[in-house]
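Report on the structure
Given next are the chains, with one letter for each unit.
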Amino acid sequence: MNYLSTFSKQFKPLFGLFIWSIIIPFQAFGQNKKQPNILFIAVDDLRNELGTYGSTIVKSPHIDKLASEGIQFNRAYCQQAICGPSRASIMTGARTETINVIDLFQDFRENVPSIVTIPQFFRNNGYETVYTGKIFHPGYSDEELSWSRKPVKVKVGPDVPKTEGGYALAENQLLYLKNKIALEEKYGEKIIRENWLAKGPETECADVPDETYDDGYNTLSAIATLKEMVNKGDKPWFLGLGLKKPHLDWIAPKKYWDLYDQASLPIATQVNPPKDGAAMGLSESLEVRVGADVPKTGEFSPELQRKLRHGYYACVSYIDAQIGKMIQALKDTGTYDNTIIVLWSDHGFNLGEMGYWGKATNYELATRVPFIIVAPGVTDKVKGQQSNAMVELIDVFPTLCDLTGFKKPNNLEGHSLVPILKKPTEKSKKPAFSVFPTPALREWAARPFTPPFRTTFFMPLIEKIENRIEKQMGDKWNRKTFEKFVMGYAMRTEDYRLIVWKDRRFPTNEPLFVELFDHVNDPNETVNIAAQNPKKVKELMALLDKKY
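The next thing to look at is the sheet that holds strand β14 (residues 496–503). Spatially, the four strands line up as an open sheet ordered β12-β13-β14-β15, and their pairing is antiparallel. Two strands in the sheet have a free side with no partner beyond their single neighbour: β12 (432–437) and β15 (513–518). Averaged over all pairs of adjacent strands, the angle between strand axes in this sheet comes to 15 degrees, irrespective of strand direction. For strand β13 (residues 486–492) and β14, the ladder comprises seven bridges, and the chain directions are antiparallel. Of the residues in β14, the one forming a bridge with Gly488 is Trp501. Sitting on the sheet, helix α18 (residues 534–547) is in contact with β12, β13, β14 and β15, with an inclination near 65 degrees to β14.

Written out as structure tokens, the structure reads:
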């Protein structure tokens, strides 16, 4: 007897049912597998001075922990070192010149109406998209097209004091009002208002809850919004958490100040501009000098520098704590294992290095940014590793497209970082590029000095700047040209930083000035070696010209 044939005839129907009982659920699992959520954490003015980036001073345990769960990029660069253009660039995946956003008062949506933003892209692909805090620059948040819902507004308790001018302490609120009144009487209310020249002190240490200030409150709001979306559970989500600190003013709850001993904080030792560098490459720390307790033209004393650094570091620890709360909320809601986390800063910040306080340069400290990605299913096997590949913030958009399996929009100028996320030892395949228009002759909104601005307490500094540039540039000097049309085009390779200063109206003309820094032997960019290395300049210029 053929037992196999008999078994087949008798049990074939049951066997088939058994097989399909396995296959159908497996297929259904594949079909119903949830798209990954995205937590998009943007931080303002955060330089690479964090524990995970090698700092022995800054307390950033939650960011350090996040880096250990994903991939940390050590050579990530923004496209312009100021918030509005940088944010418009990362959010559209296009360079700032492509979207014509090179200062704080240009609208990418008005300039390129059809361009698609990251949240708009995910909204169009079925995601709930929402943000709290600062993702785009305020005033250009693309509310109608990019975001599908509003965040939850959280009610705070009676123990949370109200702020005035951003300050919680009565004495700082009073100083802010007095300073505002005095400046308006001297220069006129319109000049002061339109140029942001009235402020209180640059720092505040108040014993208040985290949610007293915007970042603490916005994090509570983001957590409440997360819980609401998870409970609803019908869509994957894109949640933007925009943290405003450590942007000026350096205001944070006292407990974060208490993490540091101000007297022992080191201050910058490289206090001079680059030797033989571009006179137009650095301003005179105008953004910090607006503070009511900061000298308008003189040097910053060592005591003041330590106080300012203390405030900056306290703000870093403050936002680090908020990031910790947000990550814990992902775990509490059971969404951590299916959420892509991207942490980035819009640009860096000089804390006295090169004798400068601020962002708004084409140099390393302003253009290099912290950048971390956690991608479940992709970075799991290599988590905690660090990449030294040269990457740019415009690479974020195509990376998210690849991680979620969606076809990329046509306007993207960056490259997907998924190969590096899978293999962090991958080498750089391209340089990093950034631009900035004549930093010395623009205020911190990156717009040229307005005529009224020149009449204020900054007039002596502006005259000093112009005399410095005229002395260096000689016959090439023309105030209108240098204010409005000169652009610095920067390129960072493995070993060098090249900055080419041109009149952007005539891109094929000879540069007005060139800077070259050897990052192997001079990582702090102390000496411009362009004049001594014409062959290297020519070689790198050819590479830069392919981009611009």
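The structure having been displayed, the exposition proceeds.
This structure, assessed with the given rule, holds 33 aromatic pairs. Residues Phe121 and Phe406 carry aromatic rings whose centres are separated by 6.0 Å and whose planes lie at 80 degrees to one another, so their mutual orientation is edge-to-face. Placement of the pair is Phe121 in helix α5 (residues 118–124) and Phe406 in the loop between α14 (396–404) and α15 (418–422), with a sequence separation of 285 residues. Taken together through their ring pairs, the aromatic side chains of Phe40, Phe108, Phe121, Phe122, Tyr127, Tyr131, Phe136, Trp147, Phe238, Trp344, Phe397 and Phe406 make up a single cluster. Lying over the aromatic face of Tyr336, Lys331 brings its terminal NZ or CZ to 5.0 Å of the ring centre. Its guanidinium or amino end placed over the ring of Trp196, Arg447 lies 5.9 Å from that ring's centre, counting from NZ or CZ.

Outside of glycine, negative phi angles account for most residues, and trans bonds account for most peptide bonds. Residue Pro246 is bonded to the preceding Lys245 through a cis peptide linkage, with omega at 10 degrees. Relative to the assigned elements, Pro246 resides in the loop between β5 (237–243) and β6 (250–253). A cis amide bond links Leu248 to the next residue, Asp249, at an omega of -5 degrees. Secondary-structure assignment places Asp249 in the loop between β5 and β6. For Thr438, which is not glycine, the phi dihedral falls at a positive 20 degrees. In this structure, Thr438 sits in the loop between β12 and α16 (459–473). Positioned with a positive phi, Glu525 is a non-glycine residue whose angle comes to about 55 degrees. Looking at where Glu525 falls in the secondary structure, it is placed in the loop between β15 and α18.

Calculation rules
- Here the residue index of a chain counts from 1 through its sequence in written order.
- At least 70 in pLDDT is required for a residue's local features to be given in this predicted model, at least 80 for side-chain atom pairs to be given and counted, and no such filter applies to totals for whole chains, interfaces and linings, which use all residues.
- Side-chain metrics in this entry use all non-hydrogen atoms of the structure; hydrogen atoms and water are not considered.
- For two strands to be treated as a pair, DSSP must find at least two bridges joining them.
- Numbering of helices and strands runs from the N terminus; a helix is a DSSP stretch of H or I covering at least four residues, while a strand is a stretch of E covering at least two.
- With axes taken as lines fitted to C-alpha atoms, and helix axes fitted only over the stretch in contact, angles between N-to-C directions fall between 0 and 180 degrees.
- Residue contacts follow a heavy-atom distance rule, with two residues in contact if any of their heavy atoms lie within 4.5 Å.
- Here the aromatic set is Phe, Tyr and Trp, taking the six-membered ring for Trp, and pairing holds for ring centres within 6.5 Å; pairs whose planes are under 30 degrees apart are stacked, those over 60 apart are edge-to-face, and all others are tilted.
- Think of it as a cone above the ring: NZ of Lys or CZ of Arg counts as a charge over the ring if it is within 6 Å of the ring centre and within 35 degrees of the ring normal.

By themselves, these figures tell us nothing about what the structure is for.
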